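# Coordinate inspection notes
The residues making up each chain are set out below.
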Amino acid sequence: MNDPGPFLALSNGDAEANNILLHASGPADARLIDFEFAGYTHALNDAVCLYVPGPAWMTVGDPITMGLADHYRRALARGIPEAEDDRRYGFGLAAACMSWALVRLQRFAQLDARPPGDRSRPQLVATLEAAARTAAGHKALPHLTVWGRRVATRLRRRWPDADQDFADGATFPPYRSRH
């Protein structure tokens, strides 16, 4: 991620759902806001929020079924043709998602000290599982994928309140705020 090569792009640095203004005419007219963390980074860091929960969300929808994955990739390929290479794109996306999960895992001690029922615990489990699922779907980073799944399984055992079915759309609808 530190050497993005052709994937180097200007980012607002915080591509979460609450930082994108949608327009009635459709996604082509969407606008990013909140540029306090702006800078040049790996372009696929901005796609992470499509696949992995962010700090304010418990779950994300399926970006493939919803068409967001293809829309993002096509838009990216217009400026970065290398995004059309399945291997490079998949590896970059997997690395970005797993990197985000590792950053979130740094909060383990803080979350472990919280009382049962605090929604940040299952959110961390969901983050690890979503990152591992994305990497596996792109057949990238197999050892890190297995590690992420194992850590999530151990956290489910350590925190019984976090052992939940995140695929249950009634309990965990996509982009539901954890606050």
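Let us look at the structure shown here.

## What about helix 2 (residues 68-79)?
Its 12 residues give helix 2 an end-to-end C-alpha distance of 17 Å, which sits within 8% of 16 Å, the value for a rise of 1.5 Å per residue. Burial in helix 2 covers these residues: Ala69, Tyr72, Arg73, Leu76 and Ala77. Projected down its long axis, helix 2 shows its buried positions confined to an angular sector of 130°, all on one face. Turned more than 90 degrees from where helix 2 packs its buried face, Arg74 and Arg78 sit exposed. The secondary structure elements touched by the buried residues of helix 2 are helix 1 (48-51) and helix 3 (86-105).

## Describing the packing of helix 5 (residues 120-137) against helix 6 (residues 142-158)
To describe two helices that pack against each other, one gives the angle between their axes and the distance between the axes. As a packed pair, helix 5 and helix 6 sit with axes 8 Å apart at the nearest point and diverge in direction by 155°. Considering their axes alone, helix 5 and helix 6 lie roughly antiparallel with respect to each other. The handedness of the crossing between helix 5 and helix 6 comes out as left-handed. Facing helix 5, whose interface residues are Leu124, Val125, Leu128, Glu129, Ala132, Arg133, Ala135 and Ala136, helix 6 presents Thr145, Gly148, Arg149, Val151, Ala152, Leu155 and Arg156. In terms of residue class, the contact of helix 5 with helix 6 is made up of 9 nonpolar, 2 polar and 4 charged.

## So, the layout of surface pockets
Estimated volume of the second largest pocket: approximately 440 Å³. With 6 residues, the single largest contributor to the lining of the second largest pocket is helix 5. By residue class, the composition of the lining of the second largest pocket is 12 nonpolar, 6 polar and 3 charged.

## Description of the packing of aromatic side chains
Taken as a whole, this structure holds 2 aromatic pairs when the rule is applied. The aromatic ring of Tyr89 is capped on one face by Arg73, whose charged end is 4.3 Å from the ring centroid.

## Brief notes about the nonpolar core
Of all hydrophobic cores here, the largest spans 40 residues; its most connected members are Leu44, Tyr72, Leu76, Leu128 and Leu155. At the level of secondary structure, the elements contributing two or more residues to this core comprise helix 1, helix 2, helix 3, helix 5 and helix 6. Discounting chain neighbours no more than four positions away, the residues touching Tyr72 are Ala43, Leu44, Asp46, Ala47, Leu50 and Tyr89.

The rules we used
- Residues numbered from 1 in each chain as written.
- Predicted model: local features only at pLDDT ≥ 70, side-chain atom pairs only at ≥ 80, totals over all residues.
- Heavy atoms only, no water.
- Helix = DSSP H or I, 4+ residues; strand = E, 2+ residues; numbered from the N terminus.
- Expected span 1.5 Å × (residues − 1).
- Buried < 20%, exposed > 50% of the residue type's maximum accessible area, 1.4 Å probe, protein only.
- Arc of directions from axis to C-beta.
- Contact = heavy atoms within 4.5 Å.
- Axes fitted to C-alpha atoms, helices over the stretch in contact; angles between N-to-C directions.
- Parallel < 35°, antiparallel > 145°, perpendicular 65-115°, else oblique.
- Left-handed = near helix turned anticlockwise from the far one by under 90°.
- Nonpolar A, V, L, I, M, F, W, Y, C, P; charged D, E, K, R; others polar.
- 1 Å grid on protein atoms, 1.4 Å probe; cavity = no way out; pocket = protein on both sides within 12 Å on 5 of 7 lines; lining within 4 Å.
- Points joined across faces, edges and corners; volume = space filled by probe spheres on them.
- Phe/Tyr/Trp six-rings, centres within 6.5 Å; stacked < 30°, edge-to-face > 60°.
- Lys NZ or Arg CZ within 6 Å of the ring centre and 35° of its normal.
- Core = buried A, V, L, I, M, F, W, Y, C linked by side-chain atoms within 4.5 Å.

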